[in-house]
Structures are given as structure tokens and as C-alpha cells.
Amino acid sequence: MSLKSISPQAASELVNQGAVLVDIRAADEHARERIAQARHVPMDRLRSGGLPLDGASAIIFHCRSGNRTRVNAPTLGACTACDAYVLEGGLDAWKKAGLPVVADASQPLELQRQVQIVAGSLIVLGAVLGATVSPWFHVLSGFVGAGLVFAGVSGFCGLARVLMRMPWNRRALPG
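Criteria and thresholds
Residues numbered from 1 in each chain as written. Predicted model: local features only at pLDDT ≥ 70, side-chain atom pairs only at ≥ 80, totals over all residues. Heavy atoms only, no water. Helix = DSSP H or I, 4+ residues; strand = E, 2+ residues; numbered from the N terminus. Buried < 20%, exposed > 50% of the residue type's maximum accessible area, 1.4 Å probe, protein only. Polar contact = N/O pair within 3.5 Å; in protein donor to acceptor, adjacent residues only side chain to side chain. Contact = heavy atoms within 4.5 Å. UniProt positions renumbered as here; feature names shortened; annotations may be inferred. Pairing = 2+ DSSP bridges.

*Asks:* I'd like a rundown of the side chain of serine 141, residues and numbers included.
*Replies:* Locating serine 141 in the fold gives a position in helix 8 (residues 138–154). Taking relative accessible area as the criterion, serine 141 reaches 14% and is therefore assigned buried. Of the polar contacts made by the side chain of serine 141, one reaches the backbone nitrogen of alanine 127; its length is 3.2 Å. When near neighbours in sequence (up to four residues on either side) are disregarded, serine 141 contacts Leu122, Ile123, Gly126 and Ala127.

What follows is the structure, given as C-alpha cells:
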């Protein structure tokens, strides 16, 4: 089944009429900011077990920007037998339309953002120290860059595994 695109305003009206809004993002993203009425069913769960929403008249899938939802549209369409939609622009467009969201700033930043911040900081540090202290510090930038390439190719990110074990990421995430 192909997914139709729907604006945030139209999606809000459809949700008020009984449609189910489904957030396909990872748990850490959902915990930090979400649409209150949305049910959280991460994409990896949808791929493996389908959608536990029997009897819904319509389903509206969303992510942060709409890109992940569009990319996964064939999988999402196969999860449902009712009318299914993609929220245009995702959570970002929902907020821009002035529709309500639940934000919990006490939750840690999304793991992907943490990796980007740490990796970027280490690369800049290696470049600055390499230019001012010793050229050997350029090895740090190269090592982190090689780690990012490896993570992209293999799907395994050692830095993410280390960050997941940090105390601020060990808190229980809300459902």
C-alpha cells in the first residue's frame, strides 16, 4: 500500500476523528520531544513485527523531518491495511504549524547528536593541537574520522556504545 502525504493541520483533524499517529523514531528521540497523541513504535520494531494497531481507521506515520518516514514508506505501507499517511515535514512541521508537543529537556540529547558533538569536538581538538602543539595530534583527527567511516560502512559505532554507558544515558526512558 502506498502512503499519502498529509499536512500537519489535516493530520491533527484526522487524529481528532480517531486516526492513530505513530512515531517511528528511536526511543531516545521520542523521550526528548514528541507529539502527545502519538504512539511510539520504532522503525526497527515495525520491520520485525508489524504494527500492533488493529482496528484503526487511519494511521499517520511521522519522524522528526519526514525524511525517514518517506524512505521507509514501502515498509510502513505494508504494516497496515487501513488508510495510511506520512506527516509532511514530520515533528518539525507539526511544531512550525503551532501544534502542541511534549518536550522533556531533562532527557539526554539523542545518541546520534551526542556522537556528532563528541566526534566533531575531537576532530577540531586534533586539528588545533596539531597546528599549535605537535603535528602528531593530527592522528587524533584521522583516528576519529576513520572511526566514523567504519561506523558508516559496518553499522557499528564504538563511540555510540561508549556514550550509551554514560550515566546521563542510563536513565529510564518514558514509553
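*Asks:* So what about the UniProt feature "transmembrane region" (unreviewed entry) in the chain? Which residues, and what values?
*Replies:* The UniProt record annotates "transmembrane region" (unreviewed entry) at residues 117–137 and 143–164. Segment residues 117–137 splits into 76% helix and 0% strand. End C-alpha atoms: 19 Å apart. Annotation note: span residues 143–164, helix share 86%, strand share 0%, distance between end C-alpha atoms 20 Å.

*Asks:* Mind laying out the pairing of strand 6 (residues 83–87), listing which residues take part and the relevant values?
*Replies:* Walk down a regular strand and you will see the side chains alternate between the two sheet faces. Extensive coverage of strand 6 is indicated by the burial of four of its five residues. With three bridges joining them, strand 1 (residues 4–6) and strand 6 adopt parallel strand pairing. Considered in strand 6, the bridge of lysine 4 is made with tyrosine 85. Here strand 5 (residues 58–62) pairs with strand 6 via four bridges, running parallel. Bridge pairing in strand 6 places alanine 58 opposite aspartate 83.

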